[in-house]
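Commentary on secondary and tertiary structure
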Amino acid sequence: MASSREGQLRNAASKRPPPRSPSRSLRRSTLPRKRGREKTRRLRVQTPLAQTTTCRYLLFLKPLTPALPEEGFLLLWGKLMSTNRDGHIRLTSHPGHRTPGRFPIRWGAPTARERGPVIGTVNAGPDRNAIGAHGGSYALYRALAVSSGALNPIARPDLSDTMPVVDIGPFPQWAEPARIVSLDPWGHRVAADFREEIAEGVDIRPSIAITKARLTLPELDRFFDQGFIKVDGELVHSARDVAVTKAAIDPVWYLPGIAERFGTTEDKLRRTLFEQTGGMYPELVTRPDLSVFLPPIGGITLYIFGDPAALADPKRRLACRVHDECNGSDVFGSDICTCRPYLIHGIAECIREAQQGGVGLIVYNRKEGRALGEVTKFLVYNARKRQPGGDQAATYFERTECVAGVQDARFQQLMPDVLQWLGITKIDRFVSMSNMKYDAIVGSGIDIVERIPIPDDMIPDDAKVEMEAKKAAGYFTPEGAPTEDELKATVGRNLRDF
């Protein structure tokens, strides 16, 4: 009987699910050092020590002071897998399923610490306070790297020496909750504002990075040759390469503000985002207490010509172009649109303004094909070229709507946020003919003094269809909109002629 009873107990024990790993994925233990008190918050470099074969734990040693390893090390260890049991997938979470997080987000607070960090890392446990994951659309590639074993899922970035090359802000607009709703205004200051929390093991990541670069663009030669811009040894160097400050910005959406900007309710916005992404983010509907969403979309790149501090100074002149991505033209020079020529013209205007004591700014938004995508854009190209009568300016937008169901999905309501982040209150030369961009910027409280159209000699022949159609639809043009007969007479290249 005893033997039978022992066998039953062994069988019951073998069927028990394995214990969950603790919600905190890392534990810490300070190793002795030679002198001084323990500085457990000064963590920079992580060095893998060992991975056990049975429990799948990873050990790390982090020097307390990287430059002085003799001061001692911090031992960190944690499970390689998430808190889910093997064979168990947690589909979503709900309010109140665990203790309240330590870092509530108070959008629009006057300081970073009062506002709180945005934590979207999947291994953050109860500290996680945002829906989605850091990195925008690249979060999916991170998942592939983890799935293939190329990336340790608990790896954390070492943010040493990654701080911005120039200071941006803070500006009064950052403390107005409705003024900036599509990016984190404090996203570039994470390593400084939350240094202590990061040192303690909280996985807080920047959503903005600021660095410097030089641009080399052969199309600028015509502007040099005309004397429009010049080599000055500071902004423009001897090889005609241009010095810039540039920033990369990942989207961070404050859902109540996004809903208000689009004139809808937050509940409707959350449900629509959930449904139209195929249920990708169930926490949009199950976690109304989480107000921040990290959407898997492209971000923004800024190119600043001249002194970045001049952007927020209304006494300094500012030339600015807001440009939406067009891979075919911007990168490969496709002549069916004016995107690259207008971008080059905008860069030349920015350089000239900076050389005259002002500053220039290019805002490059990842909104390929009017945010409809490149596949849809190419389908529209074919439909335009094959329609009866050829590719006419008169039916330009109609063919787009027939394929995509809408003429334009960029919805410029969110576009001015990045200008508000930079502290801009006035644009002296707006290098754009777009009525939608103009209306959105002016509607956000930023003054535009002058609008600069693209020169006629920079418009490719096949792109005249697009340009005339946009003028007729409301684009700014000094000479007025084309007539109906002029639209019908503007016909692009036939598919047989490529």
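Report on the accompanying structure. Counting of residues starts from 1 at the beginning of each chain's written sequence and follows it residue by residue. Given that the model is predicted, a residue must reach a pLDDT of at least 70 before its local features are reported, and side-chain atom pairs must reach 80 or more before they are shown or counted; all residues, however, enter totals for whole chains, interfaces and linings. Only hydrogens and water are set aside when side-chain values are computed; all heavy atoms of the structure are taken into account.

As for the overall build of the protein chain
Note on conventions: DSSP H or I runs of at least 4 residues are helices, E runs of at least 2 residues are strands, and numbering of each starts at the N terminus. Tallying secondary structure elements over the protein chain gives 18 helices and 14 strands in all. Exposure is judged per residue with a 1.4 Å probe applied to protein chains only, and the accessible area is read against the type maximum: over 50% gives exposed, under 20% gives buried, and values in between give partly exposed. Within the protein chain, the fraction of its 498 residues that count as buried is 46%. Look at the contacts in the protein chain between residues 6 or more apart in sequence, and 69% of them connect residues 24 or more apart. The accessible surface values rely on the Shrake-Rupley method and a 1.4 Å probe; as for residues, cover is taken only from the protein chains in view. Of the roughly 25,200 Å² of accessible surface on the protein chain, 53% is carried by carbon and sulfur atoms. Should any heavy atoms of two residues lie within 4.5 Å, those residues are counted as being in contact.

Some remarks on the environment of tyrosine 381
Along the chain, tyrosine 381 falls in helix H13 (residues 374–386). Counting along the chain gives 45 residues from tyrosine 381 to isoleucine 336, while the straight-line C-alpha distance between them is 8.9 Å.

Examining the pairing of strand E10 (residues 300–305)
Most of E10 is tucked away: 5 of the 6 residues are buried. DSSP bridges decide pairing: two strands pair if at least two such bridges lie between them. Pairing of strand E7 (residues 242–249) with E10, which is carried by 5 bridges, proceeds in the antiparallel orientation. Across the sheet, the residue bridging to lysine 246 is tyrosine 303, located in E10. In the sheet, E10 pairs with strand E12 (residues 359–365) via 6 bridges, with the strands oriented antiparallel. Following the sheet pairing, tyrosine 303 is matched in E12 by isoleucine 362.

Looking at the environment of methionine 467
Positionally, methionine 467 belongs in helix H17 (residues 464–473). The contact partners of methionine 467, leaving out residues within four places of it in the chain, are Thr338, Met433, Ile454 and Ile459.

A look at the pattern of salt bridges
Should a side-chain nitrogen of Lys or Arg be within 4 Å of a carboxyl oxygen of Asp or Glu, the pair is scored as a salt bridge. For the structure on display, the rule yields 34 salt bridges. The closest approach of N and O atoms between aspartate 127 and arginine 102, which form a salt bridge, is 2.8 Å. With aspartate 127 in the loop between helix H2 (112–115) and strand E5 (131–132) and arginine 102 in the loop between strand E4 (73–79) and H2, the pair connects residues that are 25 residues apart, well separated along the chain. Given a relative accessible area of 44%, arginine 102 falls into the partly exposed group. The structure contains a network of salt bridges with shared partners spanning Asp335, Arg384, Lys385, Asp391, Asp462 and Arg493.

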